[in-house]
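The chain contents come next:
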Amino acid sequence: MTHILHRQIHATLPVAIGGKGIELFDRDGRAYMDASGGAAVSCLGHSHPDVTAALHAQADKLAYAHTSFFTNERAETLADKLVSGAPQGISHAYFVSGGSEAVEAALKMARQFFVETGKPERRNVIARRQSYHGNTLGALAAGGNEWRRAQFRPLLINTYHIEPCYAYRYQEAGESEEAYGLRAAQALEDKILELGPDTVMAFVAEPVVGATAGAVPAVPGYFKRIREICDRYGVLLILDEVMCGMGRTGTLHACEQDGVAPDLMTIAKGLGGGYQPIGAVLLSRRIFDAFAEGSGFFQHGHTYMCHPMACAAALAVQEVIARDDLLANVRAMGAHLSQRLGERFGNHAHIGDIRGRGLFMGVELVEDRSTKAPFDPKLKLNAKIKREAMARGLLVYPAGGTIDGVRGDHVLLAPPFIVDAAAIDAIVERLGDAIDAAVA
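Bear in mind the structure is a predicted one, so any value in this text is a computation, not a measurement.

Trainee: Looking at this structure, how should I read the overall build of the protein chain?
Mentor: If you tally the helices and strands in the protein chain, you get 14 helices and 17 strands. Here the protein chain has a C-alpha radius of gyration of 21 Å; the compact-globule value for 440 residues is 22 Å, and the two agree. In terms of overall dimensions, the protein chain has C-alpha extents of about 60 × 60 × 45 Å along its principal axes. The buried share of the protein chain, taken over its 440 residues, is 53%.

Written out as structure tokens, the structure is:
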């Protein structure tokens, strides 16, 4: 009997006791290839010696100091490193303990920015359907994952959602990617005009949509048009790179590939690689200056912000990625993963789409390829795939509700940056066997 309230109360989970590289080990001696990095977290795999050494050294020196009294060296150095590699205009970092906290803080920063600059009427947040921005109430309100939102809707702030940029489902026959991107982005301008431009404070989006839709990248030109619309109406652009950022797509920040810079960016997961809980908001100089020249503080805070152990782990993770040129491996192995998925599933009767960037890939399952009709949600196909994959020693991240929160299934892959071609081949073969068994 367990005294933990687990995610699934009636599930019987194996007990993880160790990990090395791309593998995790349970108490019964089984090994599992971690092809999803947990939830796109373990970018360096498990038990990386440089990161564990950094944690030991920090624990011996300083484990905790509250930020109302002190700053600390690891947080300061990490902030310097992140700002030096950030998109244009980013000047400061705000450290928290995870992605949901980061999004919550970013929303508050957006609101306080407009209060500080004399525009308190700006209060509305626009985001996209089939997005996920976290599970705290503010982040959940911003997100467009209807299954997660449903029972908590009476507690959520009022937000507004437009259609996602989801070419497989919404691009019309004969429509170019560029034309579709402009059409999809126009939904933002239409919503701003509907609400009243002077009432909108922020648009929130994932450059590559994560677990809610399954590694869906925007088409070329979409985010450039989004940036133009935000600038035209004075709306802050918040990019949520909690899942897709910090090298996961082959560049340090996913938005680099879209040619845009945000006003606020949220990062987590791959920031610390799972070695400690950490997330951050990267904010632009104009937002920082509004606070500095106004009230002189950000009216928010958490007990564990700028935690020395968490910052030490994240700094070590980022130093290893840079030192070992792992983003080059993400690009090379991402190309290999895309190729192998195409070879294994390109003509598969029940795979409708293969998509993503770098080592952040998804496959969407369909009952009928010609009509793109999804499987009946009652089949719980995603749960069957997860079970079949684990039986084969493979960890992947399947989910349902891909299309509208109820219908549609996908599988997300996010292996560690240290993965090699042989491991990619094994991942794809095991995944193929698991999907075939689940749909049989």
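Picking up after the structure, the text goes on.
Trainee: Help me understand the environment of D409 in this model?
Mentor: Its location among the elements puts D409 in strand 17 (residues 409-413). Sequence separation between D409 and I385 is 24 residues; the distance between their C-alpha atoms is 9.9 Å. With residues near it in sequence (within four places) discarded, D409 still touches V363, E364, L365, F375, L381, N382, A399, G400 and T402. Reaching out from D409, the side chain makes a polar contact with the side chain of N382 at a distance of 2.8 Å.

Trainee: Would you take a moment to explain the sheet that holds strand 16 (residues 397-400) for this structure?
Mentor: Hydrogen bonds along the backbone pair up the strands of a sheet, which may run parallel or antiparallel. What the four strands build is an open sheet, ordered 13-14-17-16; its pairing is antiparallel. The open sheet has two edge strands, strand 13 (351-357) and strand 16, and neither has a second partner. For this sheet the average axis-to-axis angle between neighbouring strands, irrespective of direction, equals 20°. Lying on the sheet, helix 13 (residues 381-391) is in contact with strand 14 (360-365), strand 16 and strand 17; it crosses strand 16 at an angle near 165°.

Trainee: Explain a nonpolar patch on the surface to me, please; I cannot follow it from the model alone.
Mentor: A contiguous nonpolar patch, built from L137, F152 and L155 and spanning about 280 Å² of accessible area, is present on the exposed surface. Within the secondary structure, L155 is located in the loop between helix 6 (146-149) and strand 6 (160-162). Under the relative-accessibility criterion, L155 is labelled exposed at 57%.

Trainee: I keep staring at the pairing of strand 14 and nothing clicks. Help me out?
Mentor: Regular strands place their side chains on alternate faces of the sheet. Counting buried positions along strand 14 gives six out of six residues, so the element sits mostly inside the fold. Side-chain alternation along strand 14 places F360, G362 and E364 on one buried face and M361, V363 and L365 on a second face that is also buried. Pairing between strand 13 and strand 14: six bridges, direction antiparallel. Along strand 14, the bridge assignment pairs G356 with M361. Linking strand 13 to strand 14, which pair antiparallel, is a turn of two residues; within it G358 sits at a positive phi near 60°. The sheet contact formed by strand 14 and strand 17 spans five bridges and is antiparallel. In the sheet register, M361 faces strand 17, and the bridge partner there is L413.

Trainee: Help me understand the packing of helix 12 (residues 326-345) against helix 14 (residues 421-439), please; the structure alone is not making it clear to me.
Mentor: When two helices pack together, their arrangement is captured by the angle between the axes and the distance separating the axes. Two elements in contact, helix 12 and helix 14, have axes whose closest approach is 10 Å; the angle formed by their N-to-C orientations is 30°. Seen from above, helix 12 lies across helix 14 with right-handed handedness. Contacts from M333, H336, L337, R340, L341, R344 and F345 of helix 12 reach helix 14 at A421, I424, D425, V428, E429, L431, G432, D433, I435 and D436. Its residues assigned to classes, the contact of helix 12 with helix 14 comprises nine nonpolar, two polar and six charged.

Trainee: What's the story with the side chain of E364 in this structure? I'm lost.
Mentor: For E364, the location among the structural elements is in strand 14. E364 gets classed as buried once you look at its relative accessible area, which sits at 0%. Leave out the neighbours within four places in its chain, and E364 touches Y166, Y168, R169, H350, I351, G352, D353, R355, T402, I403, D409 and H410.

Trainee: For this particular structure, what's the right way to read helix 3 (residues 73-84)?
Mentor: Note on helix geometry: an α-helix contains 3.6 residues per turn, so any two residues three or four positions apart are oriented the same way. For helix 3, which comprises 12 residues, the first-to-last C-alpha distance of 17 Å matches the rise-based estimate of 16 Å (1.5 Å per residue) to within 8%. For helix 3, every residue scored as buried is listed here: A75, L78, A79 and L82. Seen end-on, helix 3 carries its buried residues on one side only, within an arc spanning 100°. Among the exposed residues of helix 3, those oriented more than 90 degrees off its buried face are D80 and S84. Residues of helix 3 that are buried in the fold lie against strand 4 (90-96), strand 11 (264-267), strand 12 (279-284) and helix 11 (308-323).

Trainee: Where do I start with the sheet that holds strand 5 (residues 124-128) in this structure?
Mentor: Pairing is mixed across the open sheet formed by seven strands, whose spatial order is 4-12-11-10-7-5-6. Each of the sheet's edge strands pairs with one partner strand only, and the pair in question is strand 4 and strand 6. Along the sheet, successive strands turn relative to each other by an average axial angle of 20°, direction set aside. Relative to strand 7 (residues 200-205), strand 5 runs parallel, the two being bridged by three bridges. Of the residues in strand 7, the one forming a bridge with N124 is V200. Contacts between helix 3 and the sheet are confined to strand 4, strand 11 and strand 12, with strand 4 contributing the most and set at about 135° to the helix.

Trainee: When you look at the packing of helix 3 against helix 11 in this model, what are you seeing that I'm missing?
Mentor: Two elements in contact, helix 3 and helix 11, have axes separated by 8 Å at closest approach and are oriented at 40°. Between helix 3 and helix 11 lies a crossing of left-handed hand. Judged by residue contacts, R74, A75, T77, L78 and K81 of helix 3 engage P308, C311, A312, A314, L315, Q318, E319 and A322 from helix 11.

Cut-off values and rules
- Sequence positions are assigned chain by chain, starting from 1 and proceeding in written order.
- Local features are withheld for residues below a pLDDT of 70 in this predicted model, meaning they are given only at 70 or higher, and side-chain atom pairs are given and counted only at 80 or more; totals for whole chains, interfaces and linings count all residues.
- The basis for every side-chain value is the complete set of non-hydrogen atoms in the structure, without hydrogens or water.
- Each helix is a run of DSSP H or I of at least 4 residues and each strand a run of E of at least 2, with the numbering of both proceeding from the N terminus.
- Our radius of gyration looks at C-alpha atoms and nothing else; its globule reference is 2.2 Å times the residue count to the power 0.38.
- Each residue is placed in one exposure class: buried if its accessible area under a 1.4 Å probe, protein chains only, is under 20% of its type's maximum, exposed if it is over 50%, and partly exposed if it falls in between.
- Residue contacts are defined here by distance: any two heavy atoms, one from each residue, within 4.5 Å place the two residues in contact.
- A 3.5 Å cut-off defines polar contacts: any pair of N or O atoms within that distance qualifies, except that in protein one atom must be a possible hydrogen donor and the other a possible acceptor, and neighbouring residues in sequence count only when both atoms are side-chain atoms.
- Should DSSP find at least two bridges between two strands, the strands are taken to pair.
- A fitted line through C-alpha atoms represents every axis, and for helices the fit uses only the stretch in contact; the resulting angles, taken between N-to-C directions, go from 0 to 180 degrees.
- For patch building, the residue pool is restricted to those with more than 30% relative accessible area and no salt bridge; the joining distance is 9 Å between like charges and 5 Å between nonpolar side chains (Val, Leu, Ile, Met, Phe, Trp, Tyr).
- What sets the accessible areas is the Shrake-Rupley method with a 1.4 Å probe; for residues, cover comes only from the shown protein chains.
- Each salt bridge in this description consists of a side-chain nitrogen of Lys or Arg and a carboxyl oxygen of Asp or Glu lying within 4 Å of one another.
- For any helix crossing, the convention is left-handed if the near helix is rotated counterclockwise from the far helix by under a right angle, and right-handed if that rotation is clockwise.
- Only Asp, Glu, Lys and Arg are considered charged, only Ala, Val, Leu, Ile, Met, Phe, Trp, Tyr, Cys and Pro nonpolar, and every remaining residue, Gly among them, polar.
- One fewer than the residue count of a helix, multiplied by 1.5 Å, yields its expected span.
- The arc in question is formed by the directions pointing from the helix axis toward the C-beta atoms.

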